[in-house]
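Below are the chains, spelled out letter by letter.
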Amino acid sequence: MMQHFTTTIPPKDIALLQTVLDAWCSQNNMLRSKAENEARILISEYKRGVRSQIGLVDALVAAEKHQ
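(A) Fine view of the side chain of D13. Relative to the assigned elements, D13 resides in helix 1 (residues 11–27). We classify D13 as buried; its relative accessible area is 8%. Within the structure, D13 has its side chain in polar contact with the side chain of Y46 (distance 2.6 Å). Apart from residues lying up to four places away in sequence, D13 is in contact with Y46 and R51.

Below, the structure written as structure tokens:
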């Protein structure tokens, strides 16, 4: 049985994730409402300890290459 762990994300980190997601969507001509997969990737990376914009963007780039 898998356990589900939730992570509370502080407001400054929410702002970081939103900034990265907004920039990604703008650069890729994508509506933020359509960026569900990208949001999941960012949260997953955040839970793994990634806290830099560059690290988060790199994760999105890597995921895009594997699609």
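Picking up where we left off.
(B) Spotlight on the pattern of salt bridges. As enumerated under the stated definition, the model contains 5 salt bridges in all. Of the charged contacts in the structure, one is a salt bridge between D13 and K12, with a shortest N-O distance of 3.2 Å. In this structure, E45 and R48 form a salt bridge, with 2.7 Å as the shortest nitrogen-oxygen distance. A single salt-bridge network, built from bridges that share partners, covers K12, D13 and R51.

Cut-offs and rules
Residues numbered from 1 in each chain as written. Predicted model: local features only at pLDDT ≥ 70, side-chain atom pairs only at ≥ 80, totals over all residues. Heavy atoms only, no water. Helix = DSSP H or I, 4+ residues; strand = E, 2+ residues; numbered from the N terminus. Buried < 20%, exposed > 50% of the residue type's maximum accessible area, 1.4 Å probe, protein only. Polar contact = N/O pair within 3.5 Å; in protein donor to acceptor, adjacent residues only side chain to side chain. Contact = heavy atoms within 4.5 Å. Salt bridge = Lys/Arg side-chain N within 4 Å of Asp/Glu carboxyl O.

Honestly, that's just the spatial picture; any functional story needs more than this.
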